[in-house]
Amino acid sequence: IISKQNITISEEDFCVIPTGVTNRKKVTFKNRNKKCLIYYKNRDENDLERVVEFLDNKNITYDLFEYGKYSNNKLLDAAKNNKFCILLNSPESQGIAVQEMLSMNIPMYVWDLPSNESNYFASSTPYFDESCGIVTNSYEEFLKSFETFIDQLPLYKPREFILDKLSYERFIDNLQYQFDEINL
């Protein structure tokens, strides 16, 4: 039960432990089709239209997955078989679907809408680094960096990032560390 009193929690009173995700099967980048996977969640429809028009102008085919309107098995199958993903998403706390796709070793090209609410940075990819792909923060940057992203596709290793930072084993290690810190 939560009362109507103001509750103040300092940063020292909580810790962040992202849940583990993994795909036990080895997934390579070889022998993928040339399609793009578009993952669209809680964004302005105009953003999606701009990306689709951009891909159409480059003659790049795509599979579109809109949040809440797909089966998880079909999403992961596309993540395993498509060449790359364009992520059109709003800020997330963790983004399990994004991490599951990364575990399928699909590089991501992210058009982010970062925010800074109450001095807390938020992103559509809070757990992501340069081994996963490229994050852009505007449509202009999206256009400018696309060819660099495509040229570097074979160099990205998103599955390794997931195994190193967000596997079930890493989750257990992080949880154990936090318990040890508070002497439980």
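One can find the structure itself at the top, above this paragraph.
A brief structural summary.

The subject of this paragraph is the overall build of the protein chain. From N to C terminus, the protein chain includes six helices and seven strands. Helices and strands appear in the protein chain in the N-to-C order β-α-β-α-β-α-β-β-β-β-α-α-α. Residues classed as buried in the protein chain amount to 40% of the 184 residues present. For the protein chain, long-range pairs separated by at least 24 residues make up 78% of all intrachain contacts whose partners lie at least 6 apart in sequence.

To continue, consider the environment of Ile38. Summarising the element assignment, Ile38 is placed in strand E1 (residues 36-40). In the structure, Ile38 is positioned 71 residues away from Tyr109 in sequence and 9.6 Å away in space, judged by C-alpha atoms. Contacts of Ile38, omitting those with residues within four sequence positions, involve Leu48, Val51, Val52, Leu55, Tyr62, Asp63, Leu64, Phe65, Ile86 and Leu88.

Turning next to the side chain of Arg32. With respect to the helices and strands, the residue Arg32 is situated in the segment before E1. No salt bridge is formed by the buried Arg32, whose closest oppositely charged neighbour, Asp77, lies at an N-O distance of 9.7 Å. Only 2.8 Å separates the side chain of Arg32 from the backbone oxygen of Asn82, close enough to count as a polar contact. Leave out the neighbours within four places in its chain, and Arg32 touches Val27, Ala79, Lys80, Asn81, Asn82, Lys83, Met104, Asn105 and Ile106.

So, how was this worked out
- Residues numbered from 1 in each chain as written.
- Predicted model: local features only at pLDDT ≥ 70, side-chain atom pairs only at ≥ 80, totals over all residues.
- Heavy atoms only, no water.
- Helix = DSSP H or I, 4+ residues; strand = E, 2+ residues; numbered from the N terminus.
- Buried < 20%, exposed > 50% of the residue type's maximum accessible area, 1.4 Å probe, protein only.
- Contact = heavy atoms within 4.5 Å.
- Lys, Arg positive; Asp, Glu negative; His and termini not counted.
- Salt bridge = Lys/Arg side-chain N within 4 Å of Asp/Glu carboxyl O.
- Polar contact = N/O pair within 3.5 Å; in protein donor to acceptor, adjacent residues only side chain to side chain.

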